[in-house]
Amino acid sequence: MNFDPRFSGRKFASVGTRPIRPDGVDKVTGRARYGADFNMAGQLVGRILRSPHAHAVIKSIDTSKAEKLAGVKAVITAKDLPDLTDGDAAMHDILDNCMARKKALYDGHAVAAVAAIDARIARQALKLIEVEYEVLPHVTDVDEAAHHHAPLINDQVFTEGLEEKPAKPSNITKRTQFGHGDVHKGFAEADFVVERSFKTEQTHQGYIEPHACVASVNADGTADLWVCTQGHFVYRQHCAQLLGLEASKLRVTSSEIGGGFGGKTHVWAEPVALALSRKAGRPVKLVMTRDEVFRASGPTSATSIDVRIGARKDGTITAAEATLRYSCGPYAGSWAEIGAMTAFACYKLENVKTVGYEVLVNRPKTAAYRAPSAPMAAFAVESAVDELAKELGMDAVDFRIKNAAQEGTRASYGPVYGPIGIGPTLEAVKHHPHMKAPLKENQGRGMACGFWFNFGGQTCTDLNIGMDGSVSLAVGTVDVGGSRASLSLVAAEELGIDYSHVKAIVADTSSLGYNDMTDGSRGTFSSSMATISAARNAIKILRERAAQTWDIPVEDVHWEKGHAIAKGEKYGNLSPLSLKEIAAASGKTGGPIAGHSELVADGAGVSFATHICDVEVDPETGSTRVIRYTVVQDAGKAVHPTYVEGQYQGGAAQGIGWALNEEYIYGKDGRLQNAGFLDYRIPVCSDLPMIDTQILEIPNPNHPYGVRGVGETSIVPPLAAIANAVSNAVGVRMTHIPMSPPRILAALDAEREG
Amino acid sequence: MRYIRPLSIEDAVGELAKAVGPAAILAGGSDLLVRMKGGFIEPELIVDIKRIDGLGDITETAEGFRIGAAVPCAVLGENKAVRKAWPGVVEAANLIGSKQVQGRCTITGNLCNASPAADSVPALVAAGAKAVVAGPSGKRTIAVETVPTGPGRTSLAKGEIIEAILLDKRPEHAGDAYLRFIPRTEMDIAVVSAGVNLTLDEHGAIKTARVALGAAAPTVLLVEEAGQVLVGSKLDEATLERLAKICSGACRPIDDKRGTIEFRRKVAGVLARRVAAIAYKRAGGK
Amino acid sequence: MAGVAVSTTINGDAVEYLCQPDETLLEVLRDRLGLTGAKEGCGTGDCGACSVIVDGRLVCSCLVLGAEAEGRKVETIEGMAHGDQLHPLQQKFLEHAALQCGVCTPGFLIAAKDLLEKNPSPTEEEIRFGLAGNLCRCTGYDKIVRAVQDAANVMKGA
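What follows concerns the overall build of chain A. Along the backbone of chain A there are 20 helices and 27 strands. Taking 754 residues into account, the globule formula puts the C-alpha radius of gyration at 27 Å, and chain A, at 27 Å, falls close to it. Seen through its C-alpha atoms, chain A measures out along the principal axes to roughly 90 × 75 × 50 Å. Here chain A holds 754 residues, and 65% of them are scored as buried. Long-range pairs, those at least 24 residues apart, make up 79% of the contacts in chain A with a sequence separation of at least 6.

Okay, structure coming up:
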């Protein structure tokens, strides 16, 4: 296949319009089927028994009483999920996380599971399982866990990435370092240096739909899994490997997904449901409760970050340095590494150094959350940048413009940037009317920048043309926020037909080749590339059929606006053939017409955003309200601008929640205290203002239409933007996220007491 | 487990009195069903009191108002007469949960759930509201502040049901108000809260005052000293400062997932000051 | 545990079912009657995804027992459109892209319908507080509020 992904400027007919999404009516009428909305004949209810201890040896599990309870059809423990990971450490962690093998490593860690004829019996059965624990000392705080006196979570962990292998095990699994130049020299050149330490608490993606699946394993080794996931192909591979199934015999169908944000990239309950089904010989439905979602899915890291930035009087940053400690839960991760890569990505720096430490804690295994690891690093860096601008007496936007990365800049994490949007977003912010709007007493304005890499990855798409000329598009990237509409627009654009004739679906794992999951803002970027490629392959066939009909060389047939056109004066008597006409005749000209594409979508353009935020702080209570918010972000090319705006707004809202109120609160006993939406406080409708958006389009040179991922970057700036706004409103620099009322009031009181 | 729907208070009391295992009264269910879902209680008997005659009614009597135990807070909020007489009680009741919860929850349930953070309770205590208790040995009327005895515990005996809350008729120049502090704008449990109920003399000086604090101690606190400091004043700055200090001092709060001791103390004072000003204005004070 | 026999009306149709005494209306709708439009996001009344209307009152069906529906009138998302005619709120949610993942959408639509029936001309603030019992994690609420405003205008004109 000789697909050319390079950007070529063109006028769009469909792309950039705002039609209604193809899955919309099902979703407003209650017909759309999510994870828990599917049932199979003879299905059982699965439930999981979870450790109440943060850290404990599992000495024994007695399931005999539960097995004897009438209506119980299967009880499983780790023994029913034998280790088939064959030395693959990452897969072994996933296995151990699905069902604790020797130790329970966090409050909520699965230790056993049952399948019964109804939920009441399943719940009763869980109470009859007797687990004997030997409780061990635990550690949940990232700084305490990094300390050499901390209880060891895994005594086989010796920090990687050090010059010498350490003599003793610790909770730090890995050290990573990025940067270039000489920071010592850079700081020596600085007239002003700002040095600050920051902390951020652990947050959850907070998708409204809990994890849910229906698993059915047959006696012949075939199996079906219906599941809400961001990546059904990845789930298939993981589940097949853990259960010892052949991947092609496990068909995974992705349900409609009720939010993921990175949290549905990882298997937890699915291998358990499959193991229960295998043992019971019946389908098993397993739905997590909200409490289980908080305690036992994959929240983000808690962090502790030190930042140091120096600048000359003229506003040039001479050196920047950060040390980042990120919690990973009880298993190794690369979260600090990503934070260390993103921390200074917005700036053009001669001397920069970032060091990341991955820290194990007795909390759930960290999973991705929308631009994972970047918001915390940006909070620390962008807060310090604001402080430095203040010390220099420079405007916060001008200071950033002066130091912004641009095309040709070597990024702090290594590569050299192509055309990028940081400068343009800053210029747009500088001239945005929001920046000039008046503020009242106790109100303040802040701004901050954010960066995200974006990913591409393996993608496979089918485009089938029906005999009536309508088009079905089968993609393998799960639609998390309207991508079926965007991809239908792309197919319509490429074929030259109307959007209304295209219907996009997400195909199951048996109907399409492998696709990476919808993460890294890749859904529209990579599947649109594959859709363009598939459409071009279909067009090639359409041209061949027209050439055959006309009996002329295919080279003389062009494709324009949905029609085959014979080019050249000698064909003056041949009127164009429409896609519909060619499709209608396909049975007689060689059979069905389809385009297929499989590719690795390289070159996802990096993404930048700058946000402006106004807050009002009640100085007597520390309560903070966001009263105005503006997002400016580069989309490359907005395929469906309404859904691009939706991504900007949604990311900003999640960032606002993170900044102000959301946090995992653990008790001294290592148990999570706020495993519900009552006390894990995500923003409600009355908490937020309208969120204004401005889409910039700096084409990605590596995509035919210039598309960049848009989903994640918008969660990166809000933490810092709000912290900067609070600082400008009431004069306190908040260094601990969330900036909850007790924290702000304490900071104000400390300030007032001098 | 049994679910029953008695039609008379006598039947309900009788069933509760003879229940062998744990029994639960169901009105709005917004606390009960959450506790059942969490596995915190597994009642043997659920007594749904919503079809008992009169329990769903608000009646205006010569003495004031009688609010049946099954009246949802949304219905209370739509009652113009109660809203006019006791705006603080109604605004407190209407802060419980969401619109969805408002359609179900009741002030009687809020009282009997015995949470120190219950929104309607400080307002009811400040209002001097009374509860009519029906039980195996007849009926009695008690001050609402005597119902909760600790978090999740009440003074009600086995078989007893609160069938109504009574609010007095309002004299001229009276006003009440309730404020709570929550981190968000809706959907949270009060971190700390305050209710104030005032009557004024013809010159605008405070004649009587009751101040109650929520989420500041194991039960809602009636701070008598705070009421006393208001009496005789026209709510000048010095009085408000003293009020705030007394309220902060009266708190015996805890550190928990919703707030710190220090925060609750300080904000109790802030809220008391703010809410007293609202009640004073409602009473016609200037 | 003795089952409770219930006769009720759902979306205008007479319905009878047998449920357990501790079974919620949400479980009855979803697991017994196949009406899966109402979603369980929390089961504790904190997210509003299971919103339905019972006798004209907006409630979380996870906080109502199935047994309590005896003799009541229940309205769910499945009954919101009239035949093939979407309710103006449904139409405006589509036009404004007021949904991304869509799992909160049935609850929002039911709550917004209740809001507009009680207050046909709400201010932005009234909409925001009126819908505060419905959590959405995708949209930041902006497009939801705009869709409700637009639907209110359309419904007033109708």
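After presenting the structure, the write-up continues.
The subject of this paragraph is the interface of chain A and chain C. On the side of chain C, 49 residues touch chain A, which itself brings 51 residues to the contact. Across the chain A to chain C interface the summed buried area is about 4000 Å²; carbon plus sulfur atoms make up 59%. The largest per-residue losses of area from chain A upon contact with chain C belong to Val-28, Cys-685 and Met-690 of chain A, which jointly make up 19% of the total buried on that side. Inspection of the region where chain A meets chain C yields six salt bridges. Residue Lys-39 of chain C pairs with Asp-37 of chain A through a salt bridge whose shortest N-O separation is 2.4 Å. Counting every contact that joins chain A to chain C gives 23 residue pairs in polar contact (both at pLDDT 80 or more). Looking at which element gives the most residues to the side of chain A that touches chain C, the answer is helix α18 (residues 641-660) of chain A, with nine residues.

All names here are of chain A. Entries for chain A in the domain assignment read domain 1 (24-32 + 456-601), domain 2 (35-136 + 210-257 + 264-296) and domain 3 (303-454 + 605-752). Once you take the C-alpha centre of each, domain 2 and domain 3 turn out to be 37 Å apart. Each partner contributes residues to the interface: domain 2 has 19 residues there, and domain 3 has 17 residues. Between domain 2 and domain 3 the total buried area reaches about 1600 Å² when both faces are included, carbon and sulfur atoms providing 60% of it.

All names here are of chain A. Reading across from one edge, β3-β5-β1-β12-β9-β10-β11 is the order of the seven strands in this open sheet, with mixed pairing throughout. Looking at which strands have only one partner, the edges of the open sheet turn out to be β3 (72-76) and β11 (250-254). Going across the sheet, the axis of each strand differs from the next one's by a mean of 20°, ignoring polarity.

As a further point, take the state of the cysteines. Residues and elements named next belong to chain C. Per the counting criterion, the structure on display carries zero disulfides over all chains. Cysteine Cys-50 remains unbridged, with the sulfur of Cys-62 as its closest cysteine sulfur at 3.8 Å. By relative accessible area, which is 3% here, Cys-50 ends up buried.

Three or four residues apart is the spacing at which side chains of an α-helix point the same way, because the helix has 3.6 residues per turn. All names here are of chain B. Under the 1.5 Å per step criterion, the end-to-end length of helix α10 (residues 237-250) is 20 Å for 14 residues, consistent within 8% with the ideal 20 Å. Within α10, the full set of buried residues consists of Thr-239, Leu-240, Leu-243, Ala-244, Ile-246, Cys-247 and Ser-248. If you follow the buried residues of α10, they end up packed against β13 (206-214), α9 (224-230) and α11 (261-282).

Right, let's talk about the nonpolar core for a bit. Counting residues in each nonpolar core, the largest one holds 210 residues, and the members touching the most others are Val-307, Phe-344, Tyr-413, Tyr-417, Ile-722 and Val-726 of chain A together with Phe-93 of chain C. Broken down by element, the residue count for this core peaks at twelve residues, all from helix α11 (residues 374-392) of chain A. By size, the runner-up hydrophobic cluster in this structure holds 68 residues, among which are Ala-24 and Tyr-178 of chain B together with Leu-29 and Ala-67 of chain C.

Attention shifts here to unusual backbone geometry. For the bond running from Ile-737 of chain A to Pro-738 of chain A, omega is 5°, close enough to zero to count as cis. The phi dihedral of Asn-442 of chain A is positive, around 65°, even though this residue is not glycine. With respect to the helices and strands, Asn-442 of chain A occurs in the loop between α13 (422-430) and β16 (443-452). One non-glycine residue, Tyr-141 of chain C, lies in the positive phi region at around 70°. Take Tyr-141 of chain C: it is sitting in the loop between α4 (124-130) and α5 (142-157).

Contacts between the two partners involve 22 residues from chain A and, on the opposite side, 20 residues from chain B. Together, the buried faces of chain A and chain B total about 2000 Å²; carbon and sulfur atoms form 51% of this surface. At the junction of chain A with chain B, the criterion picks out eight salt bridges. In this structure, the salt-bridge partner of Glu-42 of chain B is Lys-127 of chain A, at a minimum N-O distance of 2.4 Å. There are 15 residue pairs in polar contact (both at pLDDT 80 or more) connecting chain A and chain B. Here the side of chain A that touches chain B takes four residues from helix α20 (residues 741-752) of chain A, the largest share from any one element. Looking at the side of chain A that touches chain B residue by residue, the classes come out as eight nonpolar, six polar and eight charged.

A few words on the side chain of Thr-203 of chain A. Among the structural elements, Thr-203 of chain A can be located in the loop between β8 (192-200) and β9 (212-217). Other than its neighbours up to four places away in sequence, Thr-203 of chain A contacts Pro-299, Thr-300, Tyr-369, Trp-658, Glu-662, Tyr-664 and Tyr-680 of chain A.

Let us look at empty space enclosed by the protein. The rolling of a water-molecule-sized probe over the atoms marks out the regions of remaining empty space. What the rule picks out here adds up to seven cavities of 30 Å³ or more. Space inside the largest cavity adds up to approximately 150 Å³. In this structure, the largest cavity is lined by 19 residues; those nearest its centre are Thr-624, Arg-625, Leu-660 and Asn-661 of chain A together with Pro-183 of chain B. Taken together, the elements giving at least two residues each to the lining of the largest cavity come down to β25 (624-634) and α18 of chain A. For the lining of the largest cavity, the per-class residue count stands at eight nonpolar, seven polar and four charged. When its volume is computed, the second largest cavity comes out at roughly 60 Å³. Taken together, 13 residues make up the lining of the second largest cavity; nearest its centre are Thr-342, Ala-343, Cys-346, Ala-378 and Phe-451 of chain A. Of all the secondary structure elements, the ones that give two or more residues to the lining of the second largest cavity are α11 and β16 of chain A. Sort the elements by how many residues they give to the lining of the second largest cavity and α11 of chain A lands first, with five residues. Grouping the constituent residues of the lining of the second largest cavity by class yields ten nonpolar, two polar and one charged.

Analysis parameters
Residues numbered from 1 in each chain as written. Chains lettered and ligands numbered in written order. Predicted model: local features only at pLDDT ≥ 70, side-chain atom pairs only at ≥ 80, totals over all residues. Heavy atoms only, no water. Helix = DSSP H or I, 4+ residues; strand = E, 2+ residues; numbered from the N terminus. Rg over C-alpha atoms; globule rule 2.2 N^0.38 Å. Buried < 20%, exposed > 50% of the residue type's maximum accessible area, 1.4 Å probe, protein only. Contact = heavy atoms within 4.5 Å. Buried area = accessible area lost by both parts, 1.4 Å probe. Salt bridge = Lys/Arg side-chain N within 4 Å of Asp/Glu carboxyl O. Polar contact = N/O pair within 3.5 Å; in protein donor to acceptor, adjacent residues only side chain to side chain. Domains from an automatic or database assignment. Pairing = 2+ DSSP bridges. Axes fitted to C-alpha atoms, helices over the stretch in contact; angles between N-to-C directions. Disulfide = S-S within 2.5 Å. Expected span 1.5 Å × (residues − 1). Core = buried A, V, L, I, M, F, W, Y, C linked by side-chain atoms within 4.5 Å. Nonpolar A, V, L, I, M, F, W, Y, C, P; charged D, E, K, R; others polar. 1 Å grid on protein atoms, 1.4 Å probe; cavity = no way out; pocket = protein on both sides within 12 Å on 5 of 7 lines; lining within 4 Å. Points joined across faces, edges and corners; volume = space filled by probe spheres on them.

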